[in-house]
Amino acid sequence: MALIDLANPTRFLNLANRGLPWLVGLTALLLAAGLYLAWFVAPDDYQQGATVKIMFIHVPAAWLAMFGWALMSVAALGTLVWRHPLADVAGKCAAPIGAAFAFLCLATGSLWGRPMWGTYWVWDARLTSVLVLFLMYLGVMALWRTVEDPARAGRAAAILTLVGAINLPIIKFSVDWWNTLHQPASVFRLGGPAIDRSILLPLIVMAVAFTILFLTLHLAAMRNEILRRRVRTLRLMQAGAGG
Amino acid sequence: MMALGPHAAFIVAAYLITAIVLAGLIAWVVIDHRAQARALADLDARGVRRRSETAQAKIA
């Protein structure tokens, strides 16, 4: 199926209705496998002990917080450049999910930092830039609620999203550019992962599980948004006919 | 269940917060879908339909 075929909301709804049950099942399977590996197979870290278990949720949450904004940036281009009818729907629906993962990244990182660093929070580049990402998510969500017309809200949110995308490389390279308590990249780096396979495998399974969960929630939220717009259009028609 | 060591509370809290937030996201999409489906069914019951659906109903 070509991308242009998905421009038809009815066709997209049919696809979502057919695909969602499979995605839900796949998410449940992967989450069960990931949690089993994380809790019953992966060994404790030789330095961090059992707190390494927090990594299996913290790192995927961090990746998906950034993935969410990257997805919104592509959707923003779809809104402003290609004028794809579902692009602003995709952008709007990714924001609360991305915000939730950014919050999880901050919360689990804080709970990991206290026993390992001796503090819940430091104002260093990595932590602060992720906090900025979380606040930007809230800003985009607020903007969507401020403007009633979805088309106008979509264009404004798309511009804000593209401006905010500058934060993504700052988050990624903050640990290289500035001194920070946060460790440097240990999975996606030149020379390969610096993590032992026994810990890397559960991390990858959990990351894939969280990613499929993100996509499932996103697809479901997009279906809801299309239905919401139908309800809005029908109510406007009804009001027009009645008035 | 394995021993979680001296920092068990932090580990459990991290997983608990994650479970609560993810359950909240799932509840949000499920409740929202029911609300939109109910609103559409209500409009349909009152005869308010999209033009394409009205045309299809006439053909049928």
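What you see is a predicted model, and the numbers here were worked out from it, not measured in a lab.

### Thoughts on the overall build of chain B
Phase 1 of the analysis: For chain B, the count of helices and strands is 2 helices and 0 strands.
Phase 2 of the analysis: Taken across its 60 residues, chain B has 10% of its residues classed as buried.

### With respect to the overall build of chain A
Phase 1 of the analysis: A tally of helices and strands in chain A yields 7 helices and 0 strands.
Phase 2 of the analysis: Beginning at the N terminus, the succession of helices and strands in chain A can be written as α-α-α-α-α-α-α.
Phase 3 of the analysis: Taken along its principal axes, the extent of the C-alpha atoms in chain A is 70 × 35 × 30 Å.
Phase 4 of the analysis: The buried share of chain A, taken over its 243 residues, is 37%.

### Things to note about the interface of chain A and chain B
Phase 1 of the analysis: In this assembly, 28 residues from chain A lie in contact with 22 residues from chain B.
Phase 2 of the analysis: Mapped by element, the contributors of at least two residues to the side of chain A that touches chain B are α2 (52-82), α3 (87-117) and α7 (197-242) of chain A.
Phase 3 of the analysis: Looking at which element gives the most residues to the side of chain A that touches chain B, the answer is α7(A), with 12 residues.
Phase 4 of the analysis: Its residues placed into classes, the side of chain A that touches chain B shows 18 nonpolar, 5 polar and 5 charged.

### Notes on the packing of α3(A) against helix α5 (residues 150-164) of chain A
Residues and elements named next belong to chain A.
Phase 1 of the analysis: At a minimum axis distance of 10 Å, the contact between α3 and α5 shows a crossing angle of 65 degrees. When you trace α3 past α5, the crossing you get is left-handed. Residues D88, G91 and K92 of α3 lie in contact with α5, whose contacting residues are P150, G154, A157, A158 and T161.
Phase 2 of the analysis: For the contact of α3 with α5, the per-class residue count stands at 3 nonpolar, 3 polar and 2 charged.

### Details of the confidence of the model for chain B
Predicted coordinates in areas of low pLDDT are best not read in detail.
Phase 1 of the analysis: Chain-level pLDDT for chain B is 86 on average; 80% of the residues reach the 70-or-more range.
Phase 2 of the analysis: Both scores are available for the predicted complex, with the pTM at 0.90 and the ipTM at 0.88.

### Quick look at the nonpolar core
Phase 1 of the analysis: Of all hydrophobic cores here, the largest spans 65 residues; its most connected members are A61(A), A65(A), F101(A), A102(A), C105(A) and M206(A).
Phase 2 of the analysis: Of all elements in the fold, only α2, α3, α4 (125-146), α5 and α7 of chain A together with α1 (8-45) of chain B reach the threshold of two or more residues within this core.
Phase 3 of the analysis: Counting residues per element, this core draws most heavily on α2(A), at 17 residues.

### Quick notes on the environment of W144(A)
All names here are of chain A.
Phase 1 of the analysis: Residue placement: W144 occurs in helix α4.
Phase 2 of the analysis: Judged by the 19 C-beta atoms lying within 10 Å of it, W144 is partly exposed.
Phase 3 of the analysis: In the structure, W144 is positioned 110 residues away from G34 in sequence and 35 Å away in space, judged by C-alpha atoms.

### Concerning α1(B)
Residue and element names in this part refer to chain B.
Phase 1 of the analysis: In a regular helix each residue adds 1.5 Å, so 38 residues correspond to 56 Å; α1 covers 55 Å between its end C-alpha atoms and thus fits that length.
Phase 2 of the analysis: Within α1 the residues assigned to the buried category are F10, I11, A14, T18 and V29.
Phase 3 of the analysis: Looking at the residues trailing α1, positive phi occurs at G47, about 85 degrees.

### Considering unusual backbone geometry
Phase 1 of the analysis: For R83(A), which is not a glycine, the phi torsion comes out positive at approximately 55 degrees.
Phase 2 of the analysis: By secondary structure assignment, the location of R83(A) is in the loop between α2 and α3.

### Topic: the packing of α3(A) against α4(A)
All names here are of chain A.
Phase 1 of the analysis: One way to put it is that α3 packs onto α4 with a least axis distance of 9 Å and a crossing angle of 150 degrees. It follows from the interaxial angle that α3 and α4 lie roughly antiparallel. Crossing hand, α3 versus α4: left-handed. Contacts between α3 and α4 pair K92, A95, P96, G98, A99, A102, F103, C105 and L106 from the former with V130, L131, L133, F134, Y137, L138, V140, M141 and W144 from the latter.

### Quick look at α4(A)
All names here are of chain A.
Phase 1 of the analysis: End to end, α4 covers 31 Å across 22 residues, agreeing with the expected 32 Å (1.5 Å per residue, within 8%).
Phase 2 of the analysis: Listed in full, the buried residues belonging to α4 are R126, L127, V130, L133, M136, Y137 and V140.
Phase 3 of the analysis: Elements in contact with the buried residues of α4: α2, α3, α5 and α6 (167-177).

Cut-off values and rules
Residues numbered from 1 in each chain as written. Chains lettered and ligands numbered in written order. Predicted model: local features only at pLDDT ≥ 70, side-chain atom pairs only at ≥ 80, totals over all residues. Helix = DSSP H or I, 4+ residues; strand = E, 2+ residues; numbered from the N terminus. Buried ≥ 20, exposed ≤ 12 C-beta atoms within 10 Å, placed from the backbone. Contact = placed C-beta atoms within 7 Å. Nonpolar A, V, L, I, M, F, W, Y, C, P; charged D, E, K, R; others polar. Axes fitted to C-alpha atoms, helices over the stretch in contact; angles between N-to-C directions. Left-handed = near helix turned anticlockwise from the far one by under 90°. pLDDT = per-residue confidence, 0-100. Core = buried A, V, L, I, M, F, W, Y, C linked by C-beta atoms within 7 Å. Expected span 1.5 Å × (residues − 1). Parallel < 35°, antiparallel > 145°, perpendicular 65-115°, else oblique.

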